[in-house]
Amino acid sequence: MIFGRSERGKPPIEPVTLKILVAGGFGVGKTTLVGAVSEIRPLRTEELLTEAGRPVDDLNGVEAKNTTTVAMDFGRITLREDLVLYLFGTPGQERFWFMWDELAEGALGAVVLADTRRLEDCFAAIDYFERRSIPFLVGVNCFEGAARYSADDIRRALDLDPDVPLLMGDARDRESVKAILVGVVQHAMAQAAQRRQAVTT
């Protein structure tokens, strides 16, 4: 590229950039998901868990976890030449939820990451996006050794609306994460089209 133009004389493509949030409970795999798919070195704001946080951080099911996100995780993935996603992982603990409003500003949609061992931990994120009418899907992070349940059983347990997508995946696997992110974009675009149609009819 020379002076802002391609060597073939065509102007460079200005990609559409979209903001996606990755939310869910403490220790559900948000930082892992962002790191698995980001094409840049992810920005992480992790701190070591301390004895002071032990009374408020529920480690049941994630006993090996020794760090926590205190502000956000940030990553980027190019889905197509003209489409780039910016990923913002939210902190999981309630005492850091004040960050969510800032991170949600301008978001196209969100992934609510769920762990079947601690499904109740994602209720707060689901409520948050429902109240703000931000399109979201639930991505079930299938941990090794965790009991397997059908998508229908998980949907009923979470009391999800019928139009909220639910996908199984692995937060460590790039292709699995890409499928979840594509699902978020498609769901958000479908919801936007429905809103436009409602306005014009």
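Residue numbers run consecutively from 1 along every chain, following the written order of its sequence. The predicted origin of the model limits local features to residues at a pLDDT of at least 70 and limits the giving and counting of side-chain atom pairs to 80 or more, whereas totals for whole chains, interfaces and linings rest on all residues. Hydrogen atoms and water are omitted, and side-chain values are computed over all heavy atoms in the structure.

A.B. asks: How do you make sense of the overall build of the chain when you look at a structure like this?
C.D. replies: Secondary structure assignment for the chain yields five helices and seven strands. Going along the chain from the N terminus, every DSSP run of H or I of four or more residues is numbered as a helix, and every run of E of two or more is numbered as a strand. Starting at the N terminus and ending at the C terminus, the chain contains elements arranged as β-α-β-β-β-α-β-α-β-α-β-α. Think of it in three bands: residues with accessible area under 20% of the maximum for their type are buried, residues over 50% are exposed, and the middle band is partly exposed, with areas taken using a 1.4 Å probe on protein chains only. Split into buried and exposed, the 201 residues of the chain put 44% on the buried side. The contact definition used throughout considers only heavy atoms, calling two residues in contact when any of these lie within 4.5 Å. A separation of at least 24 residues holds for 70% of the contacts in the chain among residues at least 6 apart in sequence. Every accessible area reported is derived by Shrake-Rupley at a probe size of 1.4 Å, with residue values counting cover from the shown protein chains alone. A total of about 11300 Å² of accessible surface is found on the chain, and carbon and sulfur atoms cover 52% of it.

A.B. asks: Quick question: what am I supposed to make of helix α3 (residues 123–131) here?
C.D. replies: Given 3.6 residues per helical turn, the α-helix brings residues three or four places apart onto the same face. If you check which residues of α3 are buried, you get A125, I126, Y128 and F129. Taken end-on, α3 shows its buried residues confined to a sector of 160 degrees, consistent with a single buried face. Phi for S133, located one or two positions after α3, is positive at around 55 degrees. This arc describes the spread of directions from the helix axis toward the C-beta atoms.

A.B. asks: For this particular structure, what's the right way to read the confidence of the model for the chain?
C.D. replies: Low-pLDDT stretches of the model should not have their predicted coordinates read in fine detail. Overall, the predicted model of the chain reaches an average pLDDT of 83, with 79% of residues at or above 70. Per-residue confidence from the predictor is given as pLDDT, running between 0 and 100. Throughout residues 1–6 the model reports pLDDT below 50, and contacts reaching past four residues in sequence, or to other chains, amount to nine contacts. In this model, residues 49–57 is a region of pLDDT below 50 whose contacts with residues beyond four sequence positions or in other chains number 13 contacts.

A.B. asks: Sorry, what's going on with the packing of aromatic side chains here?
C.D. replies: For any pair of aromatic rings, the description consists of the separation of the ring centres together with the inter-plane angle of the planes. Between 30 and 60 degrees the pair is tilted, below 30 it is stacked and above 60 it is edge-to-face, where a pair is any two Phe, Tyr or Trp rings, Trp via its six-membered ring, whose centres lie within 6.5 Å. Applying the stated criterion across every chain yields a total of six aromatic pairs. Where F74 meets Y86, the ring centres are 5.8 Å apart and the plane angle is 25 degrees; that geometry is what we call stacked. Taken together, the positions of F74 in strand β3 (residues 67–80) and Y86 in strand β4 (residues 83–89) put the pair 12 residues apart, joining distant regions of the chain. Taking relative accessible area as the criterion, F74 reaches 19% and is therefore assigned buried.

A.B. asks: Could you clarify how one ought to interpret unusual backbone geometry in this entry?
C.D. replies: Most peptide bonds take the trans configuration, and most residues that are not glycine carry a negative phi. Even without glycine at this site, S133 takes up a positive phi of about 55 degrees. Assignment of secondary structure puts S133 in the loop between α3 and β6 (136–141). Look at D159: it is not a glycine, yet its phi comes out positive at around 55 degrees. Judged by relative accessible area, D159 falls into the exposed class, the value being 65%.

A.B. asks: Which parts of the structure should I look at to understand helix α1 (residues 30–37)?
C.D. replies: Of all the positions in α1, only K30, T31, L33, V34 and V37 are classed as buried. Along the axis of α1, the buried residues cluster in a sector spanning 160 degrees; they form a single face.

A.B. asks: Please explain a negative patch on the surface as it appears in this structure.
C.D. replies: Patch building starts from residues that exceed 30% relative accessible area and form no salt bridge, then joins like charges within 9 Å and nonpolar side chains (Val, Leu, Ile, Met, Phe, Trp, Tyr) within 5 Å. Between Lys or Arg on one side and Asp or Glu on the other, a salt bridge is scored when a side-chain nitrogen of the former is within 4 Å of a carboxyl oxygen of the latter. Positive residues here are Lys and Arg, negative ones are Asp and Glu, while His and the chain termini are left out of the count. Every charge is mapped to an atom, namely NZ of Lys, CZ of Arg, CG of Asp or CD of Glu. On the surface, D127, E130, D159, D161 and D163 cluster together to form a negatively charged patch. Within the fold, E130 resides in helix α3. With a relative accessible area of 34%, E130 lands in the partly exposed category.

A.B. asks: In this structure, what is going on with the side chain of S38? I would like to understand it.
C.D. replies: Tracing the chain through its elements places S38 in the loop between α1 and β2 (43–48). Judged by its relative accessible area of 12%, S38 falls in the buried class. Throughout this description, a polar contact denotes any pair of N or O atoms lying within 3.5 Å of each other; where both atoms belong to protein, one of them has to be capable of donating a hydrogen while the other can accept it, and for residues adjacent in sequence the pair is counted only when both atoms sit in side chains. At a separation of 2.8 Å, a polar atom in the side chain of S38 contacts the main-chain carbonyl oxygen of I40. Look past the residues within four positions of S38 in its chain and what remains in contact with it is G75, R76 and R174.

A.B. asks: Whenever I open this one, the packing of α1 against helix α5 (residues 174–200) confuses me. Can you help?
C.D. replies: A pair of packed helices is captured by two measures, namely the crossing angle of their axes and the spacing between those axes. Following both chains from N to C, one finds α1 and α5 inclined at 100 degrees, their axes separated by 9 Å at the closest point. The angle between α1 and α5 falls in the class roughly perpendicular. Between α1 and α5, the contacting residues are L33, A36 and V37 on the first element and R174, V177, K178 and L181 on the second. Across the contact of α1 with α5, the residue classes break down as five nonpolar, no polar and two charged. Throughout, an axis means a line fitted to C-alpha atoms (over the contacting stretch in the case of helices), and angles, computed between N-to-C directions, take values from 0 to 180 degrees. Our angle categories are set so that under 35 degrees counts as roughly parallel, over 145 as roughly antiparallel, 65 to 115 as roughly perpendicular, and the remainder as oblique. When residues are sorted by character, Ala, Val, Leu, Ile, Met, Phe, Trp, Tyr, Cys and Pro go into the nonpolar class, Asp, Glu, Lys and Arg into the charged class, and all the rest, Gly among them, into the polar class.

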